[in-house]
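A closer look at the structure
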Amino acid sequence: MNEMATSAHPSAYHRDIFLRISNHLARVTEIQSALSAVAQEVATVLPFTHFDICMIDGEDWLVSYEVGIQTRWSRRRARLINSPVRDVLTGELDHMICSDAMLDPRQIFPNSASEPIFNHNLRSRVHVGMKVMGQLIGTLNISHSQADRFDEETLHFAQHLADLLAPYFHALRAIEKAQRDAQARSEMQSREEGLRQGASSLTQALEQERQRIGMDLHDQTLADLTRLLRVVTNEAQDIDRTYLGDTLTTCIHDLRRIIDEAVPSQLELFGFSHAVSTHLQKAASADRGGAETLTTTVENCTSVDIDAMCSTVRTAIYRITQEAINNAVSHSDASNIVVTIGDDAAGALTISVRDNGRGFARRPDTRQSGLMHMETRARLILADLKITDHGGTSVTLTVPQSAQTGVPI
């Protein structure tokens, strides 16, 4: 930049740069691209270290867009009361020039968001208000690492620039908010529809589960009790106490199994990892008649506290894991089943049930209703369920961190 020429002939320089900036703005539809184009032109006549626009976002909040240096100012919304340019944003000052912002109490005050000023040595700063139809919408801010860099001529240039940019950026900001609102509405509608379908599927699944429990009671326990009743009430027949004891033991065992499947008492009493281990051992033992031909392992290497989750999410995770274990034990013809409880770099809980059996694609006897229950439960807690078939079957449930605190079901 030729600073002497700029001071001597401000109008000519301003007209040229403003014309080029207007041409750039006419071709962009996104704030960050517009700001980058503007900053490139500004740098040709006014070197800077940091260039940003701060816009009012609601009554007490701000959003910032910046080029040159990326700071915390543009990473998230900030409270107006903590902004170093709050005096301009509230209308107390029309503008602000700082010869050394690090020493300026208007910028450095208790709880001010002033870390970038020190982190990036932003000493010289000029701030001017941006208005649309007389209403203040934000500020244009230019900073330099050298002290005493800006003067009244800089302020004059910055104000003209702010007047030019204000309507453009006001419109671009409105477009950005409308697009974000439309996306949020679309995501909400999709989630509501997913929850509606999930609730419908779960209602159907629960009805099927109720029917299954009823059939288990009818076909097993009720039939055994009916036979016992005939034996006990038959006065012409001597009671075989051994038979009576064995049958009652079987009834008790069947009832306990049905209750354990309906109410996860192990989960409530001893925690998730213990409940999964216990269920895996019982399922493997029952299916193989106690034979030790099926080896089982539970690997718990997660830092996620599953037992601290809300009961709804934790129970859904347990039911999915329980069904995956049942399928592996009953349908895979596997000699080894491994349950791994872990997490990923994003803090998502991952649970996998792997077997070395014949593979999911070759299991025509696998209960499709069980798979549907698993998928429904996963969808309702916003989790992801994947089934892969490579040298056996792997069922993997991934519960993102955002879903671990509880979601509506």
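Cut-offs used in this document
Residues numbered from 1 in each chain as written. Predicted model: local features only at pLDDT ≥ 70, side-chain atom pairs only at ≥ 80, totals over all residues. Heavy atoms only, no water. Pairing = 2+ DSSP bridges. Helix = DSSP H or I, 4+ residues; strand = E, 2+ residues; numbered from the N terminus. Axes fitted to C-alpha atoms, helices over the stretch in contact; angles between N-to-C directions. Contact = heavy atoms within 4.5 Å. Buried < 20%, exposed > 50% of the residue type's maximum accessible area, 1.4 Å probe, protein only. Salt bridge = Lys/Arg side-chain N within 4 Å of Asp/Glu carboxyl O. Phe/Tyr/Trp six-rings, centres within 6.5 Å; stacked < 30°, edge-to-face > 60°. Expected span 1.5 Å × (residues − 1). pLDDT = per-residue confidence, 0-100. Patch = residues over 30% accessible without salt bridge, like charges linked within 9 Å, V, L, I, M, F, W, Y side chains within 5 Å. Areas by Shrake-Rupley, 256 points an atom, 1.4 Å probe, with all protein chains shown as cover.

It is worth spelling out the sheet that holds strand β8 (residues 336-343) at this point. On the basis of which strands lie adjacent, the open sheet formed by five strands has the order β7-β8-β9-β11-β10 and mixed pairing. Pairing within the sheet leaves two strands with one partner each, and these edge strands are β7 (295-300) and β10 (384-389). Ignoring strand direction, the axes of neighbouring strands in this sheet form an average angle of 10 degrees. Here β8 pairs with strand β9 (residues 349-355) via seven bridges, running antiparallel. Of the residues in β9, the one forming a bridge with Thr340 is Ser352. In the packing of helix α11 (residues 311-331) onto the sheet, contacts are made with β8, β9, β10 and β11 (393-399), and the angle to β9 comes to roughly 10 degrees.

Let us now look at the sheet that holds strand β2 (residues 61-67). Spatially, six strands are ordered β3-β2-β1-β6-β5-β4 in an open sheet, and the strand pairing comes out antiparallel. Each end of this open sheet is capped by a strand with a single partner; those strands are β3 (78-79) and β4 (95-98). In this sheet, strand β6 (residues 135-144) lies alongside strand β5 (residues 124-132) in antiparallel orientation, the contact comprising nine bridges. From the neighbouring strand, Gly129 faces β6, where its bridge partner is Thr139. Helix-sheet contacts for helix α3 (residues 31-43) involve β1 (50-56) and β2, and the interaxial angle to β2 is about 50 degrees.

Along the polypeptide, His144 turns up in strand β6. On the basis of relative accessibility, which here comes to 9%, the residue His144 falls in the buried class.

What follows deals with the pattern of salt bridges. Counted by the stated rule, this structure contains nine salt bridges. With its nearest N and O atoms 2.8 Å apart, the salt bridge here joins Arg123 to Asp100. Here Arg123 is found in the loop between α6 (115-119) and β5, whereas its partner Asp100 is found in the loop between β4 and α6, with 23 residues between them in sequence. Judged by its relative accessible area of 15%, Asp100 falls in the buried class. We note a salt bridge from Asp333 to Arg358, for which the minimum N-O separation is 3.5 Å. Of this pair, Asp333 sits in the loop between α11 and β8 while Arg358 sits in the loop between β9 and α12 (368-380); the two residues are 25 residues apart in sequence, bridging distant segments of the chain. Judged by relative accessible area, Asp333 falls into the exposed class, the value being 58%. Counted as one network, the salt bridges with shared partners bring together Asp57, Arg77, Arg173 and Glu176.

Following the criterion strictly, the structure yields three aromatic pairs and no others. Taking 5.3 Å as the distance between ring centres and 45 degrees as the angle between the ring planes, the aromatic pair formed by Phe48 and Phe51 counts as tilted. Owing to a relative accessible area of 0%, Phe51 belongs among the buried residues under this scheme. Taken together, a centroid distance of 6.3 Å and an interplanar angle of 80 degrees make the contact between Phe272 and Tyr318 edge-to-face. Pair noted here: Phe272 is in helix α10 (residues 272-287) and Tyr318 is in helix α11, with a separation of 46 residues, a long-range link.

A word on α11. One full turn of an α-helix is made of 3.6 residues, so residues set three or four places apart face in the same direction. For α11, with 21 residues, the first-to-last C-alpha span of 30 Å sits near the 30 Å given by 1.5 Å per residue. With respect to burial, α11 is a largely interior element, 16 of its 21 residues being buried. Immediately downstream of α11, the backbone of Asp333 shows phi near 55 degrees, a positive value.

We now examine the confidence of the model for the protein. Looking at the protein, pLDDT values average 83 and 86% of them are 70 or higher. This model gives residues 1-10 a pLDDT under 50, and the stretch forms 13 contacts once residues within four places in sequence are excluded.

A cluster of nonpolar residues, Leu217, Leu255 and Ile259, forms a patch on the protein surface that exposes about 230 Å² of accessible area. With respect to the secondary-structure elements, Leu255 resides in helix α8 (residues 241-262).

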